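Letter by letter, the chains look like this.
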Amino acid sequence: MALDFHRLDNSDYLFGLDTAKYNRLEEIFETFKHWTGLAIDPYTDNRLSVDHQKVLLRIIDDYVAKTDLNKDKSKTTAILEFRGLLAYLSTNNWEIELLGD
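Description of the structure in this document. (Residues numbered from 1 in each chain as written. Predicted model: local features only at pLDDT ≥ 70, side-chain atom pairs only at ≥ 80, totals over all residues. Heavy atoms only, no water.)

## Here's the deal with the packing of aromatic side chains
According to the stated counting rule, one finds six aromatic pairs in the structure shown. Judged by centre distance (5.7 Å) and plane angle (85°), the rings of F29 and F82 are edge-to-face. Taken together, the residues span a long stretch of sequence, with F29 in helix 1 (residues 19-36) and F82 in helix 3 (residues 73-91) at a distance of 53 residues. In this structure, F29 and F82 share a single accessibility class: buried. Their ring planes at 85° and their centres at 5.5 Å tell us that Y88 and W94 sit as a pair that is edge-to-face. Three or more aromatic residues joined by ring pairs make a cluster, and in this case those are F5, F15, Y22, F29 and F82. Taking NZ or CZ as reference, R7 lies 4.0 Å from the ring centre of W94, over its face. (Phe/Tyr/Trp six-rings, centres within 6.5 Å; stacked < 30°, edge-to-face > 60°. Helix = DSSP H or I, 4+ residues; strand = E, 2+ residues; numbered from the N terminus. Buried < 20%, exposed > 50% of the residue type's maximum accessible area, 1.4 Å probe, protein only. Lys NZ or Arg CZ within 6 Å of the ring centre and 35° of its normal.)

## Some words on the environment of Y43
Take Y43: it is sitting in the loop between helix 1 and strand 3 (46-48). The spacing of Y43 and G100 is 57 residues in sequence and 4.6 Å in space, taken between C-alpha atoms.

Encoded structure:
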């Protein structure tokens, strides 16, 4: 299982999430689904507007503020790396396409 992230305007590959990283981010994706109704799923294709990326950033920031980050360092690392990538993409106003298996 993999989820690949591409720029929507030119289809350039940006990064991917393997099964382990996706599982570490699953709680973030579930909250995103509750907030927006959109599912980030490794088996389907989807698009994320800049506004949706900013929603994900808010969700991550809320999660970091209320969670003991020392409990699971690999999960914390995955979330913070993902946040950094999203911040870069949204700052550049790049809409992204998610391609699942």
